[in-house]
Amino acid sequence: MSELSTQWAEKIPPGIGTGPAWLENLRSSAAEQFRTYGLPNRKDEAWKYTGLRMLDKSGVQLATQIESPVSGLSNSTPLVEFDLTVNMLDGQFLGQIGELPAGMTLLPMADALRRNVPGLKELLGSLDMSRSKKASSDGFSALNSAMLGDGLLIHVASGVDAGRFCINWATRACENPLLFNSRICVIVEQGAKLELLEQFESLAGNANSSNIVFQVSLSEGASLTHIRFQNEDENAALITRTEVAQHAESEYTYIGFDLGGGLVRHDLHSDLLGPGAIADLNGAYLLDGQRHVDNHARVDHKAPGGLSKQYFRGVAGGEGRAVFNTAVCVHPGADGTEARQSNGNILLSARAVVNTKPELEIYADEVVASHGATVGQLDEQAVFYLQTRGLSETEARQMLTTAFCRSVSDKLSDPVLREIIADRMMDVMPHAG
Amino acid sequence: MLKINNLHATVAGKEILKGLNLEINAGEIHAIMGPNGAGKSTLGYVLAGREGYEVTAGEVIFNGKNLLELEPDERACEGVFLAFQYPVEIPGVNNTYFLRAALNAQRKYRGEPELDSVGFLRLVREKLKVLHIGDELLHRAVNEGFSGGEKKRNEIFQMAVLEPMLAVLDETDSGLDIDALKTVAEGVNRLRSPDRGMIVVTHYQRLLDYIVPDKVHVLADGKLVATGGADLALKLEEQGYAWLEDGGIASLDAETAGRTASQ
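Residues numbered from 1 in each chain as written. Chains lettered and ligands numbered in written order. Predicted model: local features only at pLDDT ≥ 70, side-chain atom pairs only at ≥ 80, totals over all residues.

Chemist: Just to check I follow, could you spell out the overall build of chain A for this structure?
Modeler: What chain A contains, in helices and strands, is nine helices and 20 strands. Radius of gyration (C-alpha) of chain A: 21 Å, near the 22 Å computed for a compact globule of 433 residues. C-alpha extents for chain A along the principal axes are approximately 70 × 55 × 45 Å. Relative to its full complement of 433 residues, chain A shows a buried share of 54%. Taking all contacts inside chain A whose residues are at least 6 apart in sequence as the whole, residues at least 24 apart take part in 84%. (Helix = DSSP H or I, 4+ residues; strand = E, 2+ residues; numbered from the N terminus. Rg over C-alpha atoms; globule rule 2.2 N^0.38 Å. Buried ≥ 20, exposed ≤ 12 C-beta atoms within 10 Å, placed from the backbone. Contact = placed C-beta atoms within 7 Å.)

Chemist: Where do I start with the sheet that holds strand β6 (residues 80-83) of chain B in this structure?
Modeler: What links the strands of a sheet is backbone hydrogen bonding, and the strands pair in either a parallel or an antiparallel sense. Residues and elements named next belong to chain B. Read from one edge of the open sheet, six strands run β6-β9-β10-β3-β11-β12, paired in mixed fashion. Single-partner strands in this sheet number two, and they are β6 and β12 (223-228). Neighbour to neighbour, the strand axes of the sheet diverge by 20° on average, direction disregarded. Strand direction decides the pairing type here: strand β3 (residues 29-33) and strand β11 (residues 215-220), joined by four bridges, are parallel. Residue pairing in the sheet places I32 in a bridge with H217 of β11. Of the strands in this sheet, β3, β6, β9 (166-170), β10 (197-202) and β11 touch helix α1 (residues 40-48), which is tilted by about 145° from β6. The sheet strands contacting helix α5 (residues 148-162) are β6 and β9, and the helix crosses β6 at an angle near 170°. (Pairing = 2+ DSSP bridges. Axes fitted to C-alpha atoms, helices over the stretch in contact; angles between N-to-C directions.)

Chemist: What is the right way to read helix α4 (residues 117-131) of chain B from this model?
Modeler: The α-helix winds at 3.6 residues per turn, so residues separated by three or four positions along the chain end up facing the same way. Residue and element names in this part refer to chain B. For α4, built from 15 residues, the straight-helix expectation of 21 Å at 1.5 Å per residue is met to within 8% by its first-to-last C-alpha distance of 21 Å. Within α4, burial applies to V124, K127 and L131. Considered in projection along α4, the buried side chains sweep an arc of 65° and stay on one side of the axis. Among the exposed residues of α4, those oriented more than 90 degrees off its buried face are V118, G119, R122, R125, E126 and K129. Tucked inside the fold, the buried residues of α4 contact α3 (95-109), α5 and α6 (178-190). Positive backbone phi, at 55°, marks H132, one or two positions downstream of α4. (Expected span 1.5 Å × (residues − 1). Arc of directions from axis to C-beta.)

Next up, the structure:
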C-alpha cells in the first residue's frame, strides 16, 4: 500500500454517524476494504496508464466532515439559466436556488440517510466494489462508501417530467489541499424524465480535490439526460464514477466535457438490465500542459434489444496525457443488441500522449456492433486552406480542433448551451507545439 | 500591382518554375494556359505561400511589398486570393462562421472595424444576390459533401465576400459541366473591377469564351513561352501544345497564319 493510502486510511473515522445498522455495515466494510487494499496502482489493469503521482506530490489529505465547515462562499453561476440550481461546495450541500417541480424530491444526502428514503438503501448497496480481481482497483469507491455522508438524493416520481436542473460543484483553495467525498443518488421512477447539468469549477488555484460517486436508477421507460461540464484547476484531482442501472425501455444520455483538472478520472458505466434500453454516451476531452484525463466508459448489455452508442473525441497538446477505454459486453441472452463505439483523438504536440483501447465482448446472437479508435494529427491541407482566407495559423488550428470537438457539443439539444460550451472549448483549446 | 521576376521554385527537390516573369496591372485579367506539368498550379501555390513550395531564386512584388516574405494569411490580408483547383473539405466548420472569421481577420489586419453577425449576413445576402447563388451553401460545413460545381461556386462566393486585390483562379473550370462553368464565369465577370487583377489558370480555352482575358500566356516547362491577346487561346485550342516540341511559338504562328490565309 502507498504512503498516501496509509495516511488516508488512518483518517477514516471509526464510526461516522448514527445511522441505521445497514448503513454502518456498508461504511465499515468499505473502510475495511480501503484499509486493507488502499488506492489503485499501476499494477491494476484499469489503472495501467493513470498514476496517482500528482496526489502524492501535492500531499492532498483526506477531508473529514469536522475539518470542513461550509462558509458563505458563493459558487460561480451556471452556464445557462436554470429554474433550479443546487450549489455544492467541497462536496457538501450548500444550498438550493429556485423551486422544485412537483413530483421531484431533492435532499442533502445526510437528510436522506436519516429519513431512510425508499430505494436509497438498495441503490447504495448496489455499488460494486470488486469489479476486478484486485480490490485496490476500486479503492476510490471503497473510500467514498467509507466516508458516505455528503451529497444529494434526487427522486422523480412516476410519470413526472421534472425538466432540468443544475448541480453546481465548486471547490475552494486550501494551503494544504484536501480530498472530499460525495455521493449523488438519482432515482427516476417509471416513465419519468429528468435532465441535469453537472458543472465543476474551482474557485481558486491550488484547489481541493473530489471523489464523487454518481448512482442512477432508471425504472421502466424512465429517461435521464446527464450533461457534465468540468473546468477545474490544473492542480485539482477529480475522481468520479457514474453507475447507471437501466430497466426496460429506459434511456440514459450522457454528454461530458473535460476542459480542466490536473488529474481527471471518470468511470462511466451503464448496465442495461431490461429489454430495449438505450445508453447514449458522448464526451470531449481537451488537454494541455501536464494534465491527465482518463475516461473509462463501459456498457453491459444484459437484456435483448438494447442500443448503446459511445462517441468520444479528444485533443491533446503540450505534455497532456489522455486515456480512453471504451468497453461493451453483450451478455448471453442479450440478442438483437446494437452497440457502436467511436473514439477519435488529435495529437497537437509531439510530447502529448493518447492511450485508447476499445473492447468488445459478444456472447449473444444477432448483434450489430462497430468500433473504431483513431489517433491522428490535423489535416495540414485544411490548415493551409483556412490561412489562404486570412486566418493565422494559430486561428486555423484552433478552428479545426474546435470543430473536431464540436461534433460532441452539437449533440446538446439546447442551442444556447451548445454555443456556450463550444466557445468555452475554443477558450481552452490546446496550442500546437 | 503584381510583378514576378525570374521566379524559380522547387517542389520536393524538383525544379518546377524555371525563371518565370509576369507583370499584372490593376484591372487586368491574365490567362495562363499550358500543358499538364508545366507548373500552372505551382505558380498559384507559390503565390499563396504553401509549405513545401520552395522559392530558390527571383522575387514577387505585390503592391510594392515582397510577397514571398509574408505568411499565407498575411498575403490573404494584403489582398491575394487563391481559388483552389481542389477546395478542401472541412467537416464541422460552418461555412458562414468560417467566412465571417476570415473576413474579420482581414478587416482587423487592415485596421477596419470587425463586422457583427447582422452586418455580415447583410453583406452575404448582397453577394449571393449578385452572384445568383442560393443560400443553401451557407448552412453547411465548408465544402463538405459539396459537388464539384458547388465547391467552385463556393470559392467564387468567398472571393466575392473577401474582395481581394489579386485573385488567382487555379483551374476553376476543371470538372465543371457547361452550366456550372457559366455560373462560375459570370461570378468572375461580376467581380471584374478597375482595382482588381486576376490570373485565370486553365488547361482549356473553353473558360475563356466566358471570361475574356486581356492577355494570354503560355506556360511550358516552368517558363512563359508565349504571350498574346485573347486570340492566342483560340490558336492553342486548335493546335494543342504539340508545337512546343516542334519548334516553339514561331512554328505556331506560321502554321496559324498559313491556315488563316488558305481559308
